[in-house]
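Listed below are the residues making up each chain.
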Amino acid sequence: GFIGLGVMGKSMAINILKAGYELTVFDVVQGNVDELVKKGAKSGATPSEVATQSDIVLTSLPNAAIVEQVFLGENGILEGMEEGAIYVDLSSITPKSIRYINEMAKKKSVSVVDAPVSGGAEGAEKGTLTIMAGGEKSSLEKVLPVLNCIGKEIKHVGSVGAGDTVKAVNNLLLGANMVAVAEALVLGKKAGLDPDVMFEIISKSSGSSYALTAKYEKYISKGNFNPGFMVNLMHKDLQLAIDTAKDLNYPLLYGNVAQQMFEIAKTENMGNEDISSVVKIFERWADVEVRSEKNK
Ligand code: NAD
């Protein structure tokens, strides 16, 4: 079963179907379900109905509140699951939330694996995601053939919640790096550099990062901010890192600054744009635009 057929979920579900698995799907947006049904999936009327038809149910949903509702709520996944079934959450949520879900699932002898992913829309499409999995090793082994359809690098990182913790740390780095890339490129442009020249040399220098190489040519240089990975989701992911740090009495300087930039982007109606759109805020402050001459 697969629930949540958005930017990530749709491609992941398609790859599972392509590998020959029978798949029952659900999403609150009917159009997303229809697309999968056209490709050979069955549709379930509720998450619970998906679960009654599945040994393994995977979800890729926007946030912890929705994951909890879809798993534990009325007509939720747990209601339809049989003893011995396995639930795999591919979303990025708080470790606390997935541990709570695990406690509830245990009462019904259902296993939980938190398996957040990295690699963006492109990785989901190509089936080359990195997957950081928390849970019992034996549960992970059972779902591994399915995860192999969507990911290339799959690593067991600890007990339930460890996957989401690794993901929070990873996205703290992505968020902070994205903001740093935006600030730095705008400085270079303001100081008179050609953005393409800057990119060409910095992408081969010590200042390079995934945020630079994945986001300059495809997004920033073209002024194309269709996601990709949305500002709203990045803002949420930084909150996961901030909450984790708060619980541990650990200060989080870059995480909080980066989140404020995505907060500004949200207030400026850029919540559904790609995370690289933060560059527009710096551009306005500097009165320049970091666009490639090739795209003018
Ligand atoms: P998305 O908003 O495109 O997809 C979420 C899907 O869930 C949508 O199709 C939506 O209709 C569906 N949905 C919402 N509420 C629902 C409900 N109650 N029941 C059933 N379906 C419901 O988001 P996305 O970009 O695909 O991200 C999904 C998860 O993966 C998030 O947790 C995100 O943080 C994580 N993630 C995203 C990326 C990325 O690059 N987009 C990368 C890694 C991880």
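(A) Just the layout of surface pockets, in detail. The computed volume of the largest pocket comes to approximately 1,200 Å³. By residue class, the composition of the lining of the largest pocket is 25 nonpolar, 17 polar and 8 charged. Volume-wise, the second largest pocket comes out at about 250 Å³. When its residues are assigned to classes, the lining of the second largest pocket shows 6 nonpolar, 4 polar and 3 charged.

(B) Seen up close, the packing of helix H9 (residues 162-190) against helix H12 (residues 231-247). Their axes nearest at 8 Å, the elements H9 and H12 cross at an angle of 125 degrees. In terms of orientation, H9 and H12 fall into the oblique class. The element H9 and its partner H12 pack so that their crossing is left-handed. Of the residues in H12, those in contact with Lys-167, Ala-168, Asn-171, Leu-172, Leu-174 and Gly-175 of H9 are Met-234, Asp-237, Leu-238, Leu-240 and Ala-241.

(C) View of the environment of Met-230. Considering the arrangement of structural elements, one finds Met-230 in the loop between helix H11 (210-215) and H12. Sequence-wise, Met-230 and Ser-138 are 92 residues apart; in three dimensions their C-alpha atoms are separated by 34 Å. Other than its neighbours up to four places away in sequence, Met-230 contacts Gly-271, Asn-272, Glu-273 and Ile-275.

(D) Inspection of the packing of H12 against helix H13 (residues 253-267) at higher detail. Running from N to C, H12 and H13 cross one another at 150 degrees; their axes reach a closest spacing of 9 Å. Considering the angle they form, H12 stands roughly antiparallel to H13. In this structure, H12 meets H13 at a crossing whose hand is left-handed. Contacts between H12 and H13 involve Val-231, Asn-232, Met-234, His-235, Leu-238, Gln-239 and Ile-242 from the former and Gly-255, Asn-256, Ala-258, Gln-259, Phe-262, Glu-263, Ala-265 and Lys-266 from the latter. Its residues placed into classes, the contact of H12 with H13 shows 7 nonpolar, 6 polar and 2 charged.

Each value, and the rule that gives it
Residues numbered from 1 in each chain as written. Predicted model: local features only at pLDDT ≥ 70, side-chain atom pairs only at ≥ 80, totals over all residues. Heavy atoms only, no water. 1 Å grid on protein atoms, 1.4 Å probe; cavity = no way out; pocket = protein on both sides within 12 Å on 5 of 7 lines; lining within 4 Å. Points joined across faces, edges and corners; volume = space filled by probe spheres on them. Nonpolar A, V, L, I, M, F, W, Y, C, P; charged D, E, K, R; others polar. Axes fitted to C-alpha atoms, helices over the stretch in contact; angles between N-to-C directions. Helix = DSSP H or I, 4+ residues; strand = E, 2+ residues; numbered from the N terminus. Parallel < 35°, antiparallel > 145°, perpendicular 65-115°, else oblique. Left-handed = near helix turned anticlockwise from the far one by under 90°. Contact = heavy atoms within 4.5 Å.

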